[in-house]
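# Examining the three-dimensional arrangement
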Amino acid sequence: MDSKSLFKLYGIKNCDTIKKARRWLEEQGVAYQFHDYRADGLDEQLLRDFVARLGWEPLLNTRGTTWRKLDEAQRNACDNADAAIALMLEQPAMIKRPLLDDGKGHALLGFSSESYQQFITEVNS
């Protein structure tokens with residue numbers, strides 16, 4: 001698959017799903033840059049842009065160990081966009097991953113080979 005767009009993949013380097021997404025992109029010959037939230041940081045405006053496009057609820061990873069380690073009061077306080085953004089900025093592992101961005105306003109959260117295939121085809125058509 002030839003990619004016309006330069007995609008950006010956001011996540012955390014040691015995440016298994018990130019590894020699967022990166023392997024798939026490389027096998028398909030899709031040009032991308034990887035942005036590691038821990039190593040490269042996370043800009044608040046970028047996160048707010050993701051929230052505007054995808055919603056804070058889908059972005060907030062409530063299934064991971066980082067969420068489970070929060071006390072009940074912290075989890076309960078995370079009930080709006082501003083609270084979720086503050087938490088995700090403080091602990092980037094709280095952001096669901098991977099997030100694939102085409103740089104043109106389209107983004108895809110999570111990974112499956114089928115969804116990536118469709119997303120990249122649509123973006124490049």
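Anyway, here's the lowdown on the structure attached to this text. All values derive from a computational prediction rather than experimental measurement. (Residues numbered from 1 in each chain as written. Predicted model: local features only at pLDDT ≥ 70, side-chain atom pairs only at ≥ 80, totals over all residues. Heavy atoms only, no water.)

What follows deals with the overall build of the protein chain. Along its length, the protein chain carries eight helices and four strands. Counting helices and strands in the order they occur from the N terminus, the protein chain gives β-α-β-α-α-α-α-α-α-β-β-α. Taken against the 2.2 N^0.38 rule, which gives 14 Å for 125 residues, the C-alpha radius of gyration of the protein chain at 15 Å falls within 12% of a compact globule. Principal axes of the C-alpha set define a box for the protein chain whose edges measure 50 × 25 × 25 Å. The 125 residues of the protein chain split such that 42% are buried. Pairs at least 24 residues apart make up 67% of the contacts formed inside the protein chain by residues separated by at least 6 positions. Measuring between centres, the 17 positive side-chain charges of the protein chain sit 6 Å from its 19 negative side-chain charges. (Helix = DSSP H or I, 4+ residues; strand = E, 2+ residues; numbered from the N terminus. Rg over C-alpha atoms; globule rule 2.2 N^0.38 Å. Buried < 20%, exposed > 50% of the residue type's maximum accessible area, 1.4 Å probe, protein only. Contact = heavy atoms within 4.5 Å. Lys, Arg positive; Asp, Glu negative; His and termini not counted. Charge placed at Lys NZ, Arg CZ, Asp CG, Glu CD.)

Moving on, we come to the environment of Asn-61. Tracing the sequence through the fold places Asn-61 in the loop between helix H4 (56-59) and helix H5 (65-69). Counting along the chain gives 36 residues from Asn-61 to Arg-97, while the straight-line C-alpha distance between them is 8.2 Å. Leave out the neighbours within four places in its chain, and Asn-61 touches Trp-67, Ala-93, Met-94, Ile-95, Lys-96 and Arg-97. In this structure the side chain of Asn-61 is engaged in a polar contact, spanning 3.0 Å, whose partner is the backbone nitrogen of Arg-63. (Polar contact = N/O pair within 3.5 Å; in protein donor to acceptor, adjacent residues only side chain to side chain.)

Right, let's talk about the environment of Lys-13 for a bit. If you trace the backbone, Lys-13 turns up in the loop between strand E1 (7-11) and helix H1 (16-27). The spatial distance from the C-alpha of Lys-13 to the C-alpha of Leu-60 is 18 Å, given a sequence separation of 47 residues. Once you skip the residues sitting within four places of it in the chain, Lys-13 turns out to touch Ile-18, Lys-19, Phe-34 and Asp-36.

Our next topic: the pairing of strand E2 (residues 32-36). Note: E1 against E2, five bridges, orientation parallel. Note on E2: the bridge partner recorded for Phe-7 is Tyr-32. Chirality of the crossover, the property in question, places the unit of E1, H1 and E2 among those that are right-handed. (Pairing = 2+ DSSP bridges. Right-handed = clockwise from strand over helix to strand, strands pointing away.)

Let us look at the sheet that holds E2. Spatially, four strands are ordered E2-E1-E3-E4 in an open sheet, and the strand pairing comes out mixed. A strand with exactly one partner marks an edge of an open sheet, and here the two such strands are E2 and strand E4 (107-109). Geometrically, the sheet is characterised by an average inter-axis angle of 20° between neighbouring strands, direction not taken into account. Relative to strand E3 (residues 99-101), E1 runs antiparallel, the two being bridged by three bridges. Residue Leu-9 lies in a different strand from E3, and its bridge partner there is Leu-100. (Axes fitted to C-alpha atoms, helices over the stretch in contact; angles between N-to-C directions.)

Moving on to helix H3 (residues 44-54). Restricting attention to buried positions, one finds in H3 the residues Leu-47, Phe-50 and Val-51. Looking straight down H3, one finds that the buried residues subtend no more than 100° of arc, so they occupy a single side. Across H3 from its buried face, at more than 90 degrees, point the exposed residues Gln-45 and Ala-52. On the buried face of H3, the contacting elements are E1, helix H2 (37-40), H4, helix H7 (81-90) and E3. Two or three places before Gln-45, at the opening of H3, Asp-43 has a side-chain oxygen 3.1 Å from that residue's backbone nitrogen. Just downstream of H3, Gly-55 is the residue with a positive phi angle, here 90°. (Arc of directions from axis to C-beta.)

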